[in-house]
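Listed here are the chains, written in short residue letters.
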Amino acid sequence: MDKPHMAAPRHIAVVGAGIAGLSCASALQHAGWQVSVFDAAGTVAGRMATRRAGDWQCDHGAQYFTARSAAFRAEVARWQLAGVAALWTPRLCLLAADGSAHAPAGPVERFVGMPRMNAPARWLASGLPLHLQTTITALQRGVAGWQLQTRQLGLLEAVYDGVVLAMPAPQALPLLQAHSRRLASLAAASVMHPCWAVMARYAQPLALPFEAAFVNHGPLRWVARNNSKPGRHGQESWLLHAQSDWSEAHLDWPADQVAKALLHAFAQLGGAAPLAWSTQCWQHAAPAAGHDELFAWHERSRLGLCGDWLQAGTVEGAWLSGRALAAHIAAASPSSMPKPDLAHGVPHPVLPVLV
Ligand SMILES: Cc1cc2nc3c(=O)[nH]c(=O)nc-3n(C[C@H](O)[C@H](O)[C@H](O)COP(=O)(O)OP(=O)(O)OC[C@H]3O[C@@H](n4cnc5c(N)ncnc54)[C@H](O)[C@@H]3O)c2cc1C
């Protein structure tokens, strides 16, 4: 008797191991697809980033995330259960230009990765085939499928049935231009604002009446005491984020001049001069506006887009975008494996947290 025919699972390349790419890749893998995840950086998590050195650490991209949709609330509950996320309840205020402090409106639950912001991404990535330090510079489409041109290794031999670009729109644009006018114009229409960040270390805890504050006047937008977040140990550290207009206007400033300006503004809020500081300029920190689409997919060529820029510029939006794209791909092109209902979440093996 003939054996039932089982085709090889289809293979998707996911470019970008931020939370959108990992959400998409893990859901596709669970739906029976073969996935390979690529990232230019040496680690996963993208803008859910933490800088570390010796006894010191600081989240310098996303500061916290909210969970408003039922699907993301369920995901965050799984992260909490796995010990890679926790509620953060800082002494938080809005600082007005006249120096007065106000309580933020409404009760909002704020979550952070634990013990660092990148922990949920690392957890999601732990079951996925990862290719780090691999910058995709071009996509090539042949009769058999897609191939990836990389900065480090040239043209990769592997041929993929589809490609997902899970990165900020301006980074996706050059990869799209030769292949899809519709997807390229979607990415081209998305403006993303920069953000300068300063991470400041102190020998002693600062005696400030808040642990986090929305500033939104002068050069500063936000300040936070990193070690007020759950699971953080080590040296006192404060994160300062500049406003997007200020960051845009000072993109070409040298880092030490930026640090001086932001630390001066922090001093006016009561912050002391730090022992040491470092900076980061996020070129594509946040989209200027969201899109109507949650994701984009071109079925004929099997090329897709997901990421926060399609969905509100938040961790939740990025995760939802990746998950929705995976559900769409799985529904549009069934793999050789049975398909679960992705709306009810993807189980994860209990794996050690990589820190
Ligand atoms: C300063 C700052 C503050 C923020 N604050 C908050 C906050 O408080 N709350 C909140 O919810 N969100 C916040 N965000 C936004 C949040 O970080 C993002 O919405 C979310 O992390 C985006 O995830 P993503 O997967 O879409 O993109 P990313 O995290 O940017 O991931 C994209 C990945 O693609 C990789 N990549 C890009 N191009 C290539 C290429 N050619 N080849 C290979 N790899 C490539 C990058 O290395 C990166 O790892 C903040 C962001 C910043 C920068």
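A brief structural summary. (Residues numbered from 1 in each chain as written. Predicted model: local features only at pLDDT ≥ 70, side-chain atom pairs only at ≥ 80, totals over all residues. Heavy atoms only, no water.)

**Focus on the packing of helix α4 (residues 169–176) against helix α5 (residues 181–188)**
Applied cut-off: The angle between two axes is taken between their N-to-C directions and runs from 0 to 180 degrees, where each axis is a line fitted to C-alpha atoms and a helix contributes only its stretch in contact. Helical segments are the DSSP runs of H or I of at least four residues, strand segments are the runs of E of at least two, and each set is numbered from the N terminus. Just so you know how the angles are binned, under 35 degrees is roughly parallel, over 145 roughly antiparallel, 65 to 115 roughly perpendicular, and the rest oblique. Crossing handedness follows the turn of the near helix against the far one: under a right angle anticlockwise gives a left-handed crossing, and clockwise gives a right-handed one. We call two residues contacting when some pair of their heavy atoms lies within 4.5 Å. Polar here means any residue other than Ala, Val, Leu, Ile, Met, Phe, Trp, Tyr, Cys and Pro, which are nonpolar, and Asp, Glu, Lys and Arg, which are charged; Gly is therefore polar.
With their axes 8 Å apart at the nearest point, α4 and α5 run at an angle of 155° to one another. Looking at the two axes, α4 sits roughly antiparallel to α5. In this structure, α4 meets α5 at a crossing whose hand is left-handed. Residues Ala169, Leu173 and Leu176 of α4 form the contact with α5, whose own contacting residues are Leu183, Ala184, Ala187 and Ala188. Class assignment for the residues of the contact of α4 with α5 results in seven nonpolar, no polar and no charged.

**Remarks on the sheet that holds strand β14 (residues 192–202)**
Formally: At least two DSSP bridges between two strands are needed for those strands to be called paired.
Reading across the sheet, the seven strands line up as β7-β6-β15-β16-β17-β14-β18 and stay open at both edges, with mixed pairing between neighbours. The outermost strands of the open sheet, each flanked by one partner alone, are β7 (101–102) and β18 (276–287). Packed onto the sheet, helix α7 (residues 255–268) meets β14, β16 (220–225), β17 (236–242) and β18 and runs at close to 70° relative to β14.

**Considerations on the environment of Pro209**
Inspection of the secondary structure puts Pro209 in the loop between β14 and β15 (212–217). Separated by 19 residues in sequence, Pro209 and Ser228 place their C-alpha atoms 13 Å apart.

**Some thoughts on the site of the ligand**
Here is the rule: Residues are classed as near a molecule or strand on a simple rule: at least one heavy atom within 4 Å of it. Any pair of N or O atoms that falls within 3.5 Å is considered a polar contact. Within protein, one atom must be able to donate a hydrogen and the other to accept it, and sequence-neighbouring residues count only if both atoms are side-chain atoms. The accessible surface values rely on the Shrake-Rupley method and a 1.4 Å probe; as for residues, cover is taken only from the protein chains in view.
Neighbouring residues of the ligand: 32 residues in total, closest Asp39, Arg47, Tyr64, Asp308 and Val315. Measuring from an oxygen atom of the ligand, one finds a side-chain N or O atom of Asp39 at 2.6 Å. Within the side chain of Arg47, one N or O atom sits 2.7 Å away from an oxygen atom of the ligand. Protein contacts shield 91% of the accessible area of the ligand, which totals 1000 Å² for the unbound molecule. Listing elements by their share of the shell around the ligand, those giving two or more residues are α1 (19–30), β18 and α8 (315–332).

**A short note on the nonpolar core**
Using the following cut-off: Side-chain atoms within 4.5 Å are what join buried Ala, Val, Leu, Ile, Met, Phe, Trp, Tyr and Cys residues into a set we call a nonpolar core. Any residue under 20% of the maximum accessible area for its type is buried, any over 50% is exposed, and the rest in between are partly exposed; the area is computed with a 1.4 Å probe on protein chains only.
One finds Ile12, Ile19, Leu22, Phe65, Trp79 and Val164 to be the most contacted residues of the largest nonpolar core, which totals 62 residues. It is α8 that contributes the most residues to this core, nine residues altogether. Of all hydrophobic cores here, the second largest spans 27 residues; its members include Leu148, Leu165, Leu176 and Ala187.

**Some remarks on the pairing of strand β1 (residues 11–15)**
Selection rule: For the handedness criterion, the strands are oriented away from the viewer, and a crossover whose path from the first strand over the helix to the second runs clockwise is classed as right-handed.
In terms of residue burial, β1 counts as a mostly covered element, since five of its five residues are buried. Of the two faces of β1, the one carrying His11, Ala13 and Val15 and the one carrying Ile12 and Val14 are both buried. Of the crossover connections in this fold, the one passing from β1 over α1 to the parallel strand β2 (residues 34–38) is right-handed. As defined by bridge partners, β1 adjoins strand β13 (residues 162–165) across four bridges and the pair is classed as parallel. Each bridged residue has a counterpart across the sheet, and for Ala13 the counterpart in β13 is Val163.

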